[in-house]
Amino acid sequence: MGKIYLIGLGIYDHDLITLRGLKTAKRCHKVYIEQYTSFIPDFDLKQLSQEINTSIISLKRPDVEEKSHKLIEEAREHDVAILVGGDPLIATTHTALMLEAAENGIDVEVIFATGTHEMSLGDAANLLGSDLRVEIHIHDAVNDPHTYLGDTAGGIPIELLSKVVESNTAILIGYVMPHPWAGFSGGSKLLLPGISSRGSISMHHLKYYSHPNTLPAVIDGNPFRAEIDNVGEVLSKFIEVHTINVVFKSSNDIYGTIGDLRNSYHEAVTISRNLYVNMVNETYDVLILDSRPLNMNVYQAVKAVFNNIAIAGRNSLIVLVVSGDEFGPREFINALKYDEDKVMSELMRGGNIVPYIVALYLRSKIRDKELIVLTRNTEVLMRSENIV
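Positions within a chain are numbered from 1, following the residues in the order the chain's sequence is written. Per-residue local features of the predicted model are confined to residues with pLDDT of at least 70, and side-chain atom pairs are confined, for both listing and counting, to 80 or more; whole-chain, interface and lining totals are unaffected and use all residues. Excluding hydrogens and water, the side-chain values take into account all heavy atoms of the structure.

Peer 1: Describe the overall build of the protein, naming the residues involved and giving the relevant values.
Peer 2: Helix and strand assignments follow DSSP, with helices taken as H or I runs no shorter than four residues and strands as E runs no shorter than two, numbered in order from the N terminus. Each helix and strand in the protein was counted, giving 14 helices and 17 strands. Each residue gets one of three labels from its accessible area relative to the maximum for its type: buried under 20%, exposed over 50%, partly exposed in between, using a 1.4 Å probe on protein chains only. By residue count, 50% of the 388 residues in the protein fall in the buried class. Throughout, the Shrake-Rupley method with a 1.4 Å probe supplies accessible areas, and for residues the shown protein chains are the sole cover considered. Carbon and sulfur atoms make up 50% of the accessible area of the protein, which amounts to about 19,200 Å² in all.

Peer 1: Provide a residue-level description of helix 4 (residues 68-75), including the pertinent values.
Peer 2: Looking only at helix 4, the buried set comprises Ser 68, Leu 71, Ile 72 and Ala 75. Considered in projection along helix 4, the buried side chains sweep an arc of 100° and stay on one side of the axis. Each direction from the helix axis to a C-beta atom contributes to the arc, which is the arc of those directions.

Peer 1: Go over the packing of helix 13 (residues 340-349) against helix 14 (residues 354-365), please, and point to the residues and values.
Peer 2: Where helix 13 contacts helix 14, the axes come no closer than 10 Å and their chain directions differ by 160°. Viewed along their axes, helix 13 and helix 14 adopt a mutual orientation that is roughly antiparallel. The element helix 13 and its partner helix 14 pack so that their crossing is left-handed. Across the interface between the two elements, Glu 340, Val 343, Met 344, Glu 346 and Leu 347 from helix 13 touch Tyr 356, Ile 357, Leu 360 and Arg 363 from helix 14. Each residue is assigned to one class: nonpolar for Ala, Val, Leu, Ile, Met, Phe, Trp, Tyr, Cys and Pro, charged for Asp, Glu, Lys and Arg, and polar for all the others, Gly among them. When its residues are assigned to classes, the contact of helix 13 with helix 14 shows 6 nonpolar, no polar and 3 charged. Note on definitions: angles span 0 to 180 degrees between N-to-C directions of axes, and those axes are lines fitted to C-alpha atoms, for helices only across the stretch in contact. Orientation is classified from the angle alone, with under 35 degrees giving roughly parallel, over 145 giving roughly antiparallel, 65 to 115 giving roughly perpendicular, and any other angle giving oblique. Note on convention: near helix rotated counterclockwise from far helix by under a right angle means a left-handed crossing. Clockwise means right-handed. In this description, contact between two residues means that some pair of their heavy atoms is separated by no more than 4.5 Å.

Peer 1: Can you explain the nonpolar core? Please cite residues and give values.
Peer 2: Ranked by size, the top nonpolar core spans 61 residues in total, and within it Leu 160, Leu 235, Val 305, Leu 320, Phe 332, Leu 362 and Leu 371 carry the most contacts. With 8 residues, the top contributor of residues to this core is helix 14. Among all residues touching Leu 160, those that are not within four sequence positions of it are Pro 145, His 146, Thr 147, Leu 149, Val 165, Leu 191, Ile 195, Ser 196, Val 231 and Leu 235. Judged by nonpolar contacts, the second largest core, of 14 residues, contains Tyr 32, Ile 72, Val 84 and Leu 97. For the purposes of this section, nonpolar cores are sets of buried Ala, Val, Leu, Ile, Met, Phe, Trp, Tyr and Cys residues that join through side-chain atoms within 4.5 Å.

Peer 1: Describe the confidence of the model for the protein, and please don't skip the residues or the numbers.
Peer 2: Values of pLDDT, which run from 0 to 100, indicate the predictor's confidence residue by residue. Scored by pLDDT, the protein comes out at a mean of 83, with 83% of its residues at no less than 70. Mean pLDDT across the secondary structure elements of the protein bottoms out at strand 5 (residues 109-112), with 55, and peaks at helix 9 (residues 223-235), with 97.

Peer 1: Could you give an account of the pattern of salt bridges, with specific residues and numbers?
Peer 2: Any Lys or Arg side-chain nitrogen located within 4 Å of an Asp or Glu carboxyl oxygen qualifies as a salt bridge. On inspection of all chains with the given rule, the structure shows 7 salt bridges. In this structure, Glu 346 and Lys 342 form a salt bridge, with 3.4 Å as the shortest nitrogen-oxygen distance. Of this pair, Glu 346 and Lys 342 are both found in helix 13, 4 residues apart, which corresponds to roughly one turn of the helix. Each member of the salt-bridge network shares a partner with another, and the members are Arg 314, Asp 368 and Lys 369.

Peer 1: Pulling in residues and values, what's your account of a nonpolar patch on the surface?
Peer 2: Without a salt bridge and with relative accessible area above 30%, a residue can belong to a patch; like charges are then joined within 9 Å and nonpolar side chains (Val, Leu, Ile, Met, Phe, Trp, Tyr) within 5 Å. A contiguous nonpolar patch, built from Tyr 175, Phe 248, Ile 254, Tyr 255, Leu 275 and Tyr 276 and spanning about 540 Å² of accessible area, is present on the exposed surface. For the nonpolar patch, the secondary-structure elements that each account for two or more residues are strand 13 (254-260) and helix 10 (261-276). Here Tyr 175 lies in strand 9 (residues 169-175). Among the residues examined, Tyr 175 registers a relative accessible area of 41% and is labelled partly exposed.

Rendered as structure tokens:
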């Protein structure tokens, strides 16, 4: 059983192909080039053919769109490379080809970037749906092998899931919405914390979560985000990295961007900012918050507090409404009861570090405020006076 490799050639000439792309093309049984979706003005097909020591077959539009089954049949027996100008996933034609390959049993693997969060195979299957047959890997930040790629500008070790580092292409699929620490979710956040080692995640989160510039909807000058993006930049030097960024307005209104790691992500951030972010220049004595659709428990709902804390005045009252009566992860519940030294001790012992940090962050933000958490039936779940 072979694979299909989509290999980007750069935007100007054949010299811009990555070393990994060149090595992959050399070992493939057949090498094709598709030039109708992205034209390269000074491309030297003969020169590239000499460099990879094999003939390169030109594909016409019908070969990829109407006769894609022939490429898939070839990939059942041998590795097949398709060379594409610029970003190989910028055109929906190529994305559709990869999905069709997966549906026909050609090797495509989906890795769930869980960071230190827990996830079951059932959860993964529900997210993928029953129509797409792919191999599933749920990241384990403690037990999975990780590859060290150097340090970030801030000194955080870059330790990423080895099977991703050793691949030819990674496609990061995530939704983009305001995030209390990273500014916005998505993009390289699928790498850090997504597929990073627990040690890297712990160092990064503890160093930057309480920084004064670590703020929701803020990208520029946000050190928490800068370190995350640095990881994406480093990985891109080793393999092809692309993103599919999704922005939800409602269940019926979905927006998205597809392309390279940096530009397509920032396009999605612009869409998300326009949909979700409203600038308010005054503070209030009372805030009533509902974080739907992420309000299934207190742990998820407190993100609404983080996203709006800047407009809550000193000694203000914050009323948070959740849809059920559950608190969330055990670590989060315990961390609200423990003193800070105990929280740090528990955090370093293992498990999911994020609930501990969420609890620490919540406590720091409501020290001079009153918080009441209510269910939809107005039952009081929690008061800030019950938090250590």
